[in-house]
2 protein chains.
Amino acid sequence: MDKIKIAVLGYGNLGRGVECAVKQNPDMVLAGIYTRRDPKTIRPLTEGVKVCHVSELEQPQDIDVLILCSGSATELPVQTPKYAAMYNVIDSFDNHHDIPKHFANVDAAAKASGHTAAISIGWDPGLFSLNRAIATLALPVGENYTFWGRGVSQGHSNAIRKIEGVLDARQYTVPVESAVEAVRSGKNPQLTTRQKHTRECYVVAADGADKEKIRETIVNMPDYFADYDTTVYFITQEELDRDHKGLPHGGSVIRSGKTGWDLENDEVVEFKLTLDSNPEFTSSVIVAYARAVARLAKEGKTGCNTIFDIPVAYALPMTGEEIRKNLL
Amino acid sequence: MDKIKIAVLGYGNLGRGVECAVKQNPDMVLAGIYTRRDPKTIRPLTEGVKVCHVSELEQPQDIDVLILCSGSATELPVQTPKYAAMYNVIDSFDNHHDIPKHFANVDAAAKASGHTAAISIGWDPGLFSLNRAIATLALPVGENYTFWGRGVSQGHSNAIRKIEGVLDARQYTVPVESAVEAVRSGKNPQLTTRQKHTRECYVVAADGADKEKIRETIVNMPDYFADYDTTVYFITQEELDRDHKGLPHGGSVIRSGKTGWDLENDEVVEFKLTLDSNPEFTSSVIVAYARAVARLAKEGKTGCNTIFDIPVAYALPMTGEEIRKNLL
């Protein structure tokens, strides 16, 4: 059987994660890395893989699925619809508020060109969404809770790095364990933003910088930190490089609900991730769903999909018989 | 919009659970309860619901989906293919070893008659299977573990009740917490049956019965108890009725796997259920997937499905837009 030809646009943490994931899936091959940088500066891990400038995508390339590994803020809203007009595409768009618009744009482009797309694939949005859905269908009377962490938020780390006098920073999102336990016990608590998560910041300040002023700027930053209990630790660059180099993450989706004629029974559903590498796990999910996109495209199912629309069997490298035998 | 007309065959714990679940889903109506007993002896919870003898199913009934709530050992292997020849059907067939044969029989019957079927829907098989699949697609290099309990196993309870001198019994399957923790920590341990679960039995013995002989018979029973560390407690019928009346259950599906070019990162995925009522939760999942069966039938997708083949969106009572807005 022909291998599925995967290409990746963008060679940052996520793009390298895709490369690692393709290596674990023998039915796939990495057909190309496309980048906005000078291709000569890219050192891929995969021997012999083609590295091209992004502009080459304008001419038809021999690709089954193009994985878009760019940022959700400004890049994916343009790129995913654009390339859905030429290729089968998949992204991990995670700007929750803009998903309806992004879906509509990608759907229109993919349908017009006869291609297949999937958006917002990863773990949140992605596997967390799927488990919110599973728990919701199983327990119509109930409430969903999502906790993130302990893990590095790159958006929050970047926000700190932009403060004057800050050389480097790492921000951890930390779930409040007593809140998680209250939800797990089926108590259905009402929780404020502050009661659900705290934030820990490890900051490298420039020589002579006003640390108290940096701390104040962080903890009062609207949207990012003001609504949370935030702790700031000043450390050296050596300490940051030694102790905070990884990108761990994870969290829990919990639904607590009621069954019975008079709602007399409590049922709790939890999905939990504990990840050493957020980008590698995200990429690994994307690559599996790229397989689903390739299969849907072969069946002629054009347009945009989310993880709710795709049977899980399509993302697995097994026959229906194997899946039923090994996983049911 | 017309409500989905659900009928149930069998009015035991699972059938009553279906009745409770239909009440929580406003897009459905319980169109009938079919039973092998004398219909006059059935006291349904739903006001005005039709109770009929099973034989009436031989004449076409006004049903969108028939939910089969019989036993997996001898009843479902006959009933599900039989009724798939006349109705859209769903069951919770849980005899893992016989699933391939059951699937083939139901698929043939449903395809021949132009109906839609789903088998092995519930939590295990069911939501546990789906999460084994999700974790497997995300982590091709890794290992799946399933722990059950703490919860009542009705099969094991029944096995004890058949022993001479036993009046009543309740058996709890208990996961070994140290084994669960070893798996959660990503250690990928090799675990024997004995290392994963223990069994606790609460037994009411007849007056004058030889309790030591009963204990010996239980702990040495092949398949059911011999491979486990089993503890037997003798209690009174009053204690059993007071302390062990419920049917709690649950458990965890955990996959621990590796990502990275040299498999340098550990990732752990866990799906966990903590259930007050095993039959009510099982029924609640079945009822949601009955909605999916009704929709697939409307689209003309005939034949048998498992939980891997059905997009989660089909089982949710929301539009695609609502699902993307609220759950993605």
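For clarity, every value in this text was computed on a predicted model and none was experimentally measured. (Residues numbered from 1 in each chain as written. Chains lettered and ligands numbered in written order. Predicted model: local features only at pLDDT ≥ 70, side-chain atom pairs only at ≥ 80, totals over all residues. Heavy atoms only, no water.)

### Observations regarding the sheet that holds strand β3 (residues 51–53) of chain A
Residues and elements named next belong to chain A. This is how the line gets drawn: Only strands joined by at least two bridges in the DSSP assignment are considered to pair. Numbering goes from the N terminus for both helices and strands, where a helix is a DSSP run of H or I of at least four residues and a strand is a run of E of at least two. Here the axes come from fitting lines to C-alpha atoms, over the contacting stretch only for helices, and the angles between their N-to-C directions go from 0 to 180 degrees. In this description, contact between two residues means that some pair of their heavy atoms is separated by no more than 4.5 Å.
Reading across the sheet, the 7 strands line up as β3-β2-β1-β4-β5-β6-β14 and stay open at both edges, with parallel pairing between neighbours. Of all the strands in the sheet, the pair left with one neighbour each is β3 and β14 (303–305). Each neighbouring strand pair of the sheet contributes to a mean axis angle of 25°, computed without reference to strand direction. In terms of strand pairing, strand β1 (residues 4–9) meets strand β4 (residues 65–68) through 4 bridges, oriented parallel. Pairing of I6 across the sheet is with V65, part of β4. Seen against the sheet, helix α10 (residues 278–298) touches β1, β2 (28–35), β4, β5 (89–91), β6 (116–118) and β14 and runs at an angle of roughly 145° to β4.

### Quick look at the packing of aromatic side chains
Operational definition: Each Phe, Tyr or Trp ring (for Trp, its six-membered ring) is paired with any other whose centre lies within 6.5 Å, and the angle between the two planes then decides the class: stacked below 30 degrees, edge-to-face above 60, tilted in between. The cut-offs for exposure are 20% and 50% of the maximum accessible area for each residue type, with area from a 1.4 Å probe on protein chains only; residues under the lower value are buried, those over the upper are exposed, and the others partly exposed. Geometrically, a charge over a ring is one whose NZ (Lys) or CZ (Arg) sits within 6 Å of the ring centre while staying within 35 degrees of the ring normal.
Scanning the model with the defined rule gives 8 aromatic pairs over all chains in all. Judged by centre distance (5.2 Å) and plane angle (75°), the ring pair of A:W123 and A:F128 falls under edge-to-face. The pair A:W123 / A:F128 is uniform in exposure class, with both members buried. The interplanar angle of 80° and the centroid separation of 5.9 Å between the aromatic rings of A:F128 and A:F271 together place this pair among those described as edge-to-face. With A:F128 in helix α4 (residues 127–138) and A:F271 in strand β13 (residues 265–275), this residue pair connects regions lying 143 residues apart in the sequence. Through a chain of ring-to-ring contacts, three or more aromatic side chains come together here, namely A:W123, A:F128 and A:F271. Above the face of the B:Y228 ring, B:R199 is positioned so that its terminal group lies 4.1 Å from the ring centre.

### Focus on helix α8 (residues 211–219) of chain A
Residue and element names in this part refer to chain A. What counts here: Picture the helix axis, draw a direction to every C-beta atom, and the arc is the one those directions span. A 3.5 Å cut-off defines polar contacts: any pair of N or O atoms within that distance qualifies, except that in protein one atom must be a possible hydrogen donor and the other a possible acceptor, and neighbouring residues in sequence count only when both atoms are side-chain atoms.
Buried within α8 we find I214, I218 and V219. Within α8, the buried residues cover an arc of 120° as seen down the axis, which keeps them to one side. Tucked into the core, α8 has its buried residues touching α5 (154–161), β9 (166–175), β10 (197–205) and β11 (229–234). The distance from a side-chain oxygen at the start of α8 to the backbone nitrogen of E212 is 3.2 Å, and the residue carrying that oxygen is D210.

### Side note on the confidence of the model for chain A
We count it as follows: pLDDT gives the predictor's per-residue confidence on a scale running from 0 to 100.
Taken over all residues, the pLDDT of chain A has a mean of 97, while the share at 70 or more is 100%. Our summary of model confidence lists the complex with pTM equal to 0.96 and ipTM equal to 0.96.

### As for empty space enclosed by the protein
As a reminder of what qualifies: Lining residues are defined by having an atom within 4 Å of a point belonging to a cavity or pocket. Those points lie on a 1 Å grid over the protein atoms alone, cavities being sets where a 1.4 Å probe fits but cannot get out and pockets being open sets with protein on both sides within 12 Å along at least five of seven lines. Grid points are joined across faces, edges and corners, and a volume is the space filled by probe spheres set on the points. Residue type decides the class: Asp, Glu, Lys and Arg count as charged, Ala, Val, Leu, Ile, Met, Phe, Trp, Tyr, Cys and Pro as nonpolar, and the leftover types, Gly among them, as polar.
Summed over all chains, the structure comprises 3 cavities of 30 Å³ or more. The computed volume of the largest cavity comes to approximately 50 Å³. A:T259, A:G260, B:G17, B:C20, B:A21, B:Q24, B:E280 and B:S284 together form the lining of the largest cavity. Listed by contribution, the elements that provide at least two residues to the lining of the largest cavity are α1 (13–23) and α10 (278–298) of chain B. The element contributing the most residues to the lining of the largest cavity is α1(B), with 3 residues. Across the lining of the largest cavity, the residue classes tally to 2 nonpolar, 5 polar and 1 charged. Each pocket or cavity is described by its volume, and for the second largest cavity that value is around 40 Å³. Every residue lining the second largest cavity is listed: A:G17, A:C20, A:A21, A:Q24, A:E280, A:S284, B:T259 and B:G260. Breaking the lining of the second largest cavity down by element, the ones donating at least two residues are α1 (13–23) and α10 of chain A. When its residues are assigned to classes, the lining of the second largest cavity shows 2 nonpolar, 5 polar and 1 charged.

### Thoughts on the environment of B:T259
Note on placement: B:T259 falls in strand β12 (residues 249–259). Judged by relative accessible area, which is 3%, B:T259 ranks as buried. Sequence spacing of B:T259 and B:V141 is 118 residues, and the spatial spacing of their C-alpha atoms is 7.6 Å. When near neighbours in sequence (up to four residues on either side) are disregarded, B:T259 contacts A:Q24, A:S277, A:E280, B:L139, B:E264, B:N265 and B:E267. A polar atom in the side chain of B:T259 sits 2.7 Å from the side chain of B:E267.

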